[in-house]
Amino acid sequence: MTFDLYLKVDHELYEPFEAHCASNRMHKCQVIYQKAYTPVIYELSPPVVYYQSITSLWFNPKATTNLIRDLPSDEMSFLNAKVGGTLIDYEERVDFDDNYGNWNWNYVIGQVGDVMPNTSYPLSMMWEVGKAGIQEQMATKCSYDNQTCYMSKAVPVIFSQSSNVGFTTGGQSLTVKGWGFNTPNITATVDGQNCTVTSYQKDQFTCDVPPKANISTVDVPHIGAGGMRRTLVNSSQSTNNNFVWFHNIESTSDSAWTRTESLSMEFMTPNNEGSRLANILKGWFKAPATARYRFYMACDDICKLFLDHESGSSSNKTQILRVVRGSSHKDYWSRQDGETRISDWVNMTAGQHYYIEGHQAEALHGDHLSVAVEIEQTEMVGHMQAMREVQRF
Amino acid sequence: MITVLNPDNGQYILNFQDPSTLKYTASSAVKANADANTFKNAVERPYCLRKLGSWCSVSLEMFDAAGNVTTTAADSVKNVYTMKISRLRGSVGSNKVIAAKTTTTSQITVETPSTAGQSSPPLSGKFKIKCIDADGFESFTEDMAYDRHALNINLNIMNQCSMMYDRSTGYESYTHGWKQNGIDVFIRFSGLNENPGQFELISSEADPLSGDNVTISSTTVQEYSTNLFYQPIPYEFLHTYETKPQLIVTVNNEMAVCHNLTCDF
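Residues numbered from 1 in each chain as written. Chains lettered and ligands numbered in written order. Predicted model: local features only at pLDDT ≥ 70, side-chain atom pairs only at ≥ 80, totals over all residues.

Caption draft 1: Broad picture of the overall build of chain B. A count of helical and extended segments in chain B gives three helices and 21 strands. Whereas a compact globule of 265 residues would reach a radius of gyration of roughly 18 Å, chain B reaches 28 Å, over 25% beyond that. Referenced to the eigenvectors of the C-alpha coordinate spread, the extents of chain B come out at roughly 85 × 65 × 35 Å. Counting the 265 residues in chain B, one finds 39% classified as buried. When contacts within chain B are restricted to residue pairs at least 6 apart in sequence, those whose partners lie at least 24 apart make up 52%. (Helix = DSSP H or I, 4+ residues; strand = E, 2+ residues; numbered from the N terminus. Rg over C-alpha atoms; globule rule 2.2 N^0.38 Å. Buried ≥ 20, exposed ≤ 12 C-beta atoms within 10 Å, placed from the backbone. Contact = placed C-beta atoms within 7 Å.)

Take a look at the structure:
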């Protein structure tokens, strides 16, 4: 069979060309096209952002960088990236001479601008050659019930509050500073008591603290806002080669080590933060359904995962995963060290909070940690988060 | 294979001759009565890694005066070290090894690979991937060399197989250490929300894979299923761990995050 092939892009017709398909191989004839000069966004990580939060945009430039030549020294390979209409600021974290590998996964880390809370924002990335496409199957994140999906979502944020202590008599006016409070639909609680909102604006609101019958209970487990508490332990300045590893990750005895706490918006650490460091992530896993769960962990160099099987408790955590050799980023299936990166199944109850803790330590070179969860269910078919197949050969 | 008779505490150096350049590469100094691990440390980095680009393994058999195998170093009158290169090779790494004594008086003899045994033949040739989409349509990648990395294999699947553009991710398993020892890769259908057919690795017709009893298998290690997979665990399933009561704020039913983790109250 001989046929003419026409290509039409944006209503512009390109010259036809002739193609031939041998009669004995007709069943194998196919027309293949590549969008080789359309970069593709894979995902935003974390996809839930807030004003001034840090996030990574993962993308594949395809062959685009071959087209970008003689770039001025003060320009990046891509023009910009946005969450909704809000720019992500790369000035502090991306060098102008950073290169992005053709046909590979790449990422850039940036700071989100003054984005207002919204349940769904599109992602965009503009290059010299035009707008990047989006791999929707990877970029879209859907809730357990599959009712809400987004590529990026912005949430309100608290930066400070005028006091951290109150009185059983109440009556205190508490000023909360942050971003995204320009709506009357604000509810605030302090130690479980409603704090009545008296004024609000974009970057702060005030509320009146109510009286409380008893003083607050401290030094027991409490459930905080969204995310995880991440402690970054940096031992690179140790003067006696006392570097952080599994056995001393909780140690505070070496004054040359630094411990920095920050909020993690997902159970993952940033890629390639440095050498001789460790991460401890602590939080509550809120089960979205009564079901069986199992956890997956991938890291570089080594990592452990702990879980308290009793909801609301943190006193009886048990180790459910231990990985002593690094794998590729999010590679949970690697078995070259003979160890599984997948936990046993765990029964959990909808709405209950289970204490979960991850440790990761890094000696030299690349580093990362990510923990995933599989939720057993059969009712929803075609869910965006359906377990994808993995094949080996 | 290195045999040391009457091993003492003195040292020697092994010099490995390159069969093509005839130049020698020296090991670190090693004691005549060294254990296997110490022997390995003396030869691995200077010779195996730097010269042959491979890790190596060393086993030690010790014999007492009666000729029986012993595990007691003090009783040994003959130490036999067998040194193996982890990476399969198509040619001998060295066919002449000279043991240069520095302080030892032990008798040392060396059998080179020519007599002690050569590597199994390394993998060579080409392969392709047969792809099958959800409708059962078959397509194929081009032939790829045996040493192609998982990322490149995935790239060819993406660009040459039907309906696979931007649908998969490739991972190396590193099971075999070197591609000369075998291919072992994972393909995750991360952008394909359906059950794909079983892809297959197929030896090239023009340049078939060859090596030591080459076997090919293609398996599914994680089935596509209705189970949900969140990687990583997302914000919506997580709350910070605290030891004091908290200020909790919601705006339009969306919880505010506590950026500095200082929302104790």
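Having put the structure on the table, let's press on.
Caption draft 2: Spotlight on the interface of chain A and chain B. The interface of chain A with chain B comprises 95 residues on the first partner and 73 residues on the second. Counting residues per element, the side of chain A that touches chain B draws most heavily on strand β32 (residues 368-375) of chain A, at six residues. By residue class, the composition of the side of chain A that touches chain B is 46 nonpolar, 33 polar and 16 charged. Here strand β33 (residues 386-387) of chain A runs beside strand β17 (residues 225-230) of chain B; their pairing, made up of two bridges, is antiparallel. By the bridge assignment, A:M387 is partnered in β17(B) with B:S225. (Nonpolar A, V, L, I, M, F, W, Y, C, P; charged D, E, K, R; others polar. Pairing = 2+ DSSP bridges.)

Caption draft 3: Just helix α1 (residues 36-52) of chain B, in detail. All names here are of chain B. Across its 17 residues, α1 extends only 20 Å between first and last C-alpha, which sits more than 12% below the 24 Å expected from 1.5 Å per residue. Maximum bend of α1: about 55°, positioned at E44, with proline P46 one to four residues after it. Taken together, the buried positions of α1 are F39, K40, A42, V43, E44, Y47 and C48. Where α1 is buried, its residues meet β2 (11-17), β3 (24-26), β4 (30-31), β5 (56-63) and β7 (78-85). A positive phi of about 65° marks G53, the residue just after α1. (Expected span 1.5 Å × (residues − 1). Bend = angle between axes of the 7 residues up to and from the residue.)

Caption draft 4: Main features of the pairing of strand β1 (residues 2-5) of chain B. Residues and elements named next belong to chain B. Only one face of β1 is buried, namely the one carrying I2 and V4, since none of T3 and L5 on the opposite face is buried. Bridge count between β1 and strand β9 (residues 107-110): four bridges; the pairing is antiparallel. Along β9, the bridge assignment pairs V4 with I108. Direction of pairing for β1 relative to β7: antiparallel, over a ladder of four bridges. Each bridged residue has a counterpart across the sheet, and for I2 the counterpart in β7 is Y81.

Caption draft 5: Structural detail: the environment of A:T168. Take A:T168: it is sitting in the loop between β18 (157-161) and β19 (173-179). Those residues in contact with A:T168 that sit more than four places away from it in its chain are A:P211, A:K212 and A:I215.

Caption draft 6: Highlighting helix α3 (residues 150-160) of chain B. All buried positions along α3(B) are accounted for by B:A150, B:I153, B:N154, B:N156, B:I157 and B:M158. Along its buried surface, α3(B) packs onto β10 (126-132), β12 (144-145), β13 (169-172) and β14 (185-188) of chain B.

Caption draft 7: Structural context of the domain arrangement of chain A. Residue and element names in this part refer to chain A. Here chain A is partitioned into domain 1 (40-154), domain 2 (158-208) and domain 3 (228-375). Relative to domain 3, the C-alpha centre of domain 1 lies at a distance of 26 Å. Every contact between the two is made by seven residues of domain 1 and, on the other side, seven residues of domain 3. Partitioning the side of domain 1 that touches domain 3 into residue classes produces five nonpolar, two polar and no charged. (Domains from an automatic or database assignment.)

Caption draft 8: Representation of the domain arrangement of chain B in the model. Residues and elements named next belong to chain B. As assigned here, chain B comprises domain 1 (2-116) and domain 2 (126-203). On a C-alpha basis, the centroid separation for the pair domain 1 and domain 2 is 41 Å. Every contact between the two is made by four residues of domain 1 and, on the other side, four residues of domain 2. In terms of residue class, the side of domain 1 that touches domain 2 is built from one nonpolar, two polar and one charged.

Caption draft 9: A look at the confidence of the model for chain B. For chain B, per-residue confidence averages 93 on the pLDDT scale, and 99% of positions sit at 70 or higher. Interface confidence for the predicted complex, given as ipTM, is 0.92, next to a pTM of 0.87. (pLDDT = per-residue confidence, 0-100.)

Caption draft 10: A look at the sheet that holds β9(B). Residue and element names in this part refer to chain B. Spatially, β6-β5-β7-β1-β9 is the arrangement adopted by the five strands of the open sheet, whose pairing is antiparallel. Strand pairing shows two members of the sheet lacking a second neighbour, β6 (69-70) and β9, which therefore form its edges. Note that β5 and β7 share eight bridges and pair antiparallel. When the sheet's bridge partners are listed, C56 is paired in β7 with I85. Seen against the sheet, α1 touches β5 and β7 and runs at an angle of roughly 145° to β5. (Axes fitted to C-alpha atoms, helices over the stretch in contact; angles between N-to-C directions.)

Caption draft 11: The arrangement of unusual backbone geometry in detail. The omega torsion across A:S45 and A:P46 is 0°, close enough to zero to call that bond cis. Its place among the elements puts A:P46 in the loop between β5 (40-45) and β6 (48-49). Of the consecutive residues B:Q231 and B:P232, the connecting peptide bond is found in the cis state with omega at -5°. Mapping B:P232 onto the fold places it in the loop between β17 and β18 (238-242). In this structure, B:N253 takes a positive phi of about 65° despite not being glycine. Here B:N253 shows up in the loop between β19 (247-251) and β20 (254-255). Given 8 C-beta atoms within a 10 Å radius, B:N253 is considered exposed. One non-glycine residue, B:L261, adopts positive backbone phi at about 60°. Given 19 C-beta atoms within a 10 Å radius, B:L261 is considered partly exposed.

Caption draft 12: Examining the nonpolar core more closely. In this structure, A:I41, A:Y50, A:M297, B:I233 and B:V249 are the most contacted members of the largest nonpolar core, which totals 120 residues. Within the second largest apolar cluster, 21 residues are counted, among which are B:V4, B:V58, B:L60 and B:V97. (Core = buried A, V, L, I, M, F, W, Y, C linked by C-beta atoms within 7 Å.)

Caption draft 13: Highlighting the sheet that holds strand β16 (residues 219-222) of chain B. Reading across the sheet, the four strands line up as β13(B)-β14(B)-β34(A)-β16(B) and stay open at both edges, with antiparallel pairing between neighbours. Across the chains shown, the open sheet's two edge strands, defined by having one partner strand only, are β13 and β16 of chain B. With direction set aside, neighbouring strand axes in the sheet form an average angle of 30°. As judged from the three bridges shared by strand β34 (residues 390-392) of chain A and β16(B), these two strands associate in the antiparallel manner. Each bridged residue has a counterpart across the sheet, and for A:Q391 the counterpart in β16(B) is B:T220. Contacts from α3(B) reach β13 and β14 of chain B within the one sheet, and its direction differs from that of β13(B) by about 155°.

Caption draft 14: Fine view of the pairing of β32(A). Among the eight residues in β32(A), eight count as buried, and that is most of the element. Every second residue of β32(A) is oriented toward a common face, with A:H368, A:S370, A:A372 and A:E374 on one face and A:L369, A:V371, A:V373 and A:I375 on the other, all of them buried. Two strands pair when backbone bridges link them, and β32(A) and β17(B) are joined in this way by three bridges, in the antiparallel orientation. What sits directly across from A:I375, in β17(B), is B:L228.

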